[in-house]
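# A closer look at the structure
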Amino acid sequence: TVDHIDYQVKPNTLFVGHPGQVRLFDVEENVQFESVFIAFTKDIFALMNIQDGLESLIGTLGKTPVLELEDENKSMVEDLFRLMLQVKDYNSAYQSKMVASLLQILILIAAEINASLQEDLPVRKQTYINLYREFLDQLNNYYKKYHFTSDYADLMFIPLKRLNRACKSVTGKTAGK
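Sequence order sets the numbering: in each chain, residues are counted from 1 along the sequence as written. Predicted model: local features are reported for residues with pLDDT of at least 70 only, side-chain atom pairs are reported and counted for 80 or more only, and whole-chain, interface and lining totals are derived from all residues. Only hydrogens and water are set aside; all other atoms, that is, all heavy atoms of the structure, feed into the side-chain values.

## Focus: the overall build of the protein
Put simply, the rule reads: Helical segments are the DSSP runs of H or I of at least four residues, strand segments are the runs of E of at least two, and each set is numbered from the N terminus. The buried label applies to any residue whose accessible area, calculated with a 1.4 Å probe on protein chains only, is under 20% of its type's maximum; exposed applies above 50%, and partly exposed to all values in between. Throughout, the Shrake-Rupley method with a 1.4 Å probe supplies accessible areas, and for residues the shown protein chains are the sole cover considered.
On a plain count of helices and strands, the protein comes out with seven helices and two strands. For the protein, the N- to C-terminal ordering of α and β elements is β-α-α-β-α-α-α-α-α. Burial analysis of the protein (177 residues in total) assigns 31% to the buried set. With an accessible surface of roughly 12,200 Å², the protein has 51% of that area assigned to carbon and sulfur atoms.

Here it is as structure tokens:
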């Protein structure tokens, strides 16, 4: 589950998350699978010698948190993970820059997969998912100040009815539930 939306864990799936997202991985007993988890801070962008472009790209990726890898992408991503693990144990003054470079490649591959998925998603469903995620971001930022769903609809400059439709489309529940 990512941001209260259920996704099925399948082989060759890449999950992309960002701070503030609600994530839960519920795995049935006796089910075996292999996974790799990479977490990093904003400091890594300085090592990539890039401007804000890649950072905003990661935010975009978080809107489609589950990316299914095709065979060609799967082998490339597996190779990148393997290299990252090797570099982690490599004693070099350039170790951090090496990891940053590999991570940058991984992010760009994920962005390419994400772009093709966005083209296939119906516009209304994509809009509802984006509105729901924006609602969660606003809720995370202003939960101490605002206590009514109408306040969040106002913050998002949309009617409450549209916010409720978006939430119900994504989760089966209205914004207030």
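Still more to cover.
## Overview of helix H3 (residues 71-88)
Formally: Given the number of residues in a helix, its expected span is that number minus one, multiplied by 1.5 Å. Along the arc lie the directions from the helix axis toward the C-beta atoms.
Counted at 1.5 Å a residue, the expected span for H3 with its 18 residues is 26 Å, and the 26 Å between its end C-alpha atoms agrees. Turning to H3, its buried residues number three or more, namely Asn73, Val77, Leu80, Phe81, Met84 and Val87. Seen from one end, H3 has its buried residues packed into an arc of 130 degrees, which puts them on one side. Exposed and oriented more than 90 degrees from the buried face of H3 are Asp71 and Glu72.

## Comments concerning the nonpolar core
Put simply, the rule reads: Here, nonpolar core means buried Ala, Val, Leu, Ile, Met, Phe, Trp, Tyr and Cys residues that are tied together by side-chain atoms lying within 4.5 Å of each other.
Judged by nonpolar contacts, the single largest core of 20 residues is most densely connected at Leu14, Met48, Leu67, Val77, Leu103 and Leu106. The element best represented in this core is helix H4 (residues 95-120), accounting for eight residues. Residues Ile129, Leu136, Val170 and Ala175 belong to the second largest nonpolar core, which totals 16 residues.

## Here we look at helix H7 (residues 160-171)
Between the first and last C-alpha of H7 there are 16 Å, a value that for 12 residues agrees with the 16 Å anticipated at 1.5 Å per step. With its phi angle positive at about 85 degrees, glycine 172 sits one or two positions after the end of H7.

## Side note on unusual backbone geometry
In this model, phenylalanine 157 sits at a positive phi of 60 degrees, which is unusual for a non-glycine residue. Tracing the sequence through the fold places phenylalanine 157 in the loop between helix H6 (149-155) and H7.

## Points about a nonpolar patch on the surface
Quick reminder of the rule: Patch building starts from residues that exceed 30% relative accessible area and form no salt bridge, then joins like charges within 9 Å and nonpolar side chains (Val, Leu, Ile, Met, Phe, Trp, Tyr) within 5 Å. Here a salt bridge means any side-chain nitrogen of Lys or Arg lying within 4 Å of a carboxyl oxygen belonging to Asp or Glu.
Among the surface-exposed residues, Phe25, Val27, Val31 and Phe33 lie close enough to one another that they form a single nonpolar patch of about 370 Å² accessible area. Taking relative accessible area as the criterion, phenylalanine 25 reaches 49% and is therefore assigned partly exposed.

## A few points about the environment of leucine 83
As for its position among the elements, leucine 83 is in helix H3. When its relative accessible area of 39% is taken as the criterion, leucine 83 is described as partly exposed.

## Topic: a negative patch on the surface
Formally: Only four residue types enter the charge count, namely Lys and Arg as positive and Asp and Glu as negative; His and the chain termini do not. In plain terms, the charge of a residue is placed at NZ if it is Lys, CZ if Arg, CG if Asp and CD if Glu.
Judged by side-chain charge, Glu70, Asp71, Glu72 and Glu112 come together as a negatively charged surface patch. Here aspartate 71 shows up in helix H3.

## As for the side chain of glutamine 138
The cut-off we apply is this: Contact criterion: two residues are considered in contact whenever any of their non-hydrogen atoms come within 4.5 Å of each other.
Inspection of the secondary structure puts glutamine 138 in helix H5 (residues 123-142). Its relative accessible area of 16% is what places glutamine 138 among the buried residues. For glutamine 138, the contacting residues outside a window of four places in its chain are Tyr143, Tyr152, Leu155 and Met156.

## Remarks on the packing of aromatic side chains
Rules: Two rings from Phe, Tyr or Trp (for Trp, the six-membered ring) form a pair when their centres are within 6.5 Å of each other. A pair whose planes differ by under 30 degrees is stacked, one over 60 is edge-to-face, and the rest are tilted.
All told, the structure shown has three aromatic pairs when counted by the stated rule. Between phenylalanine 135 and tyrosine 152 the ring centres are 5.8 Å apart and the planes differ by 85 degrees, which places this aromatic pair in the edge-to-face class. Within this pair, whereas phenylalanine 135 is found in helix H5, its partner tyrosine 152 is found in helix H6, the two being separated by 17 residues in sequence. We classify phenylalanine 135 as buried; its relative accessible area is 5%. Under the relative-accessibility criterion, tyrosine 152 is labelled buried at 2%. By the ring-pair criterion, three or more aromatic residues cluster together here, those being Phe135, Tyr142, Tyr146 and Tyr152.

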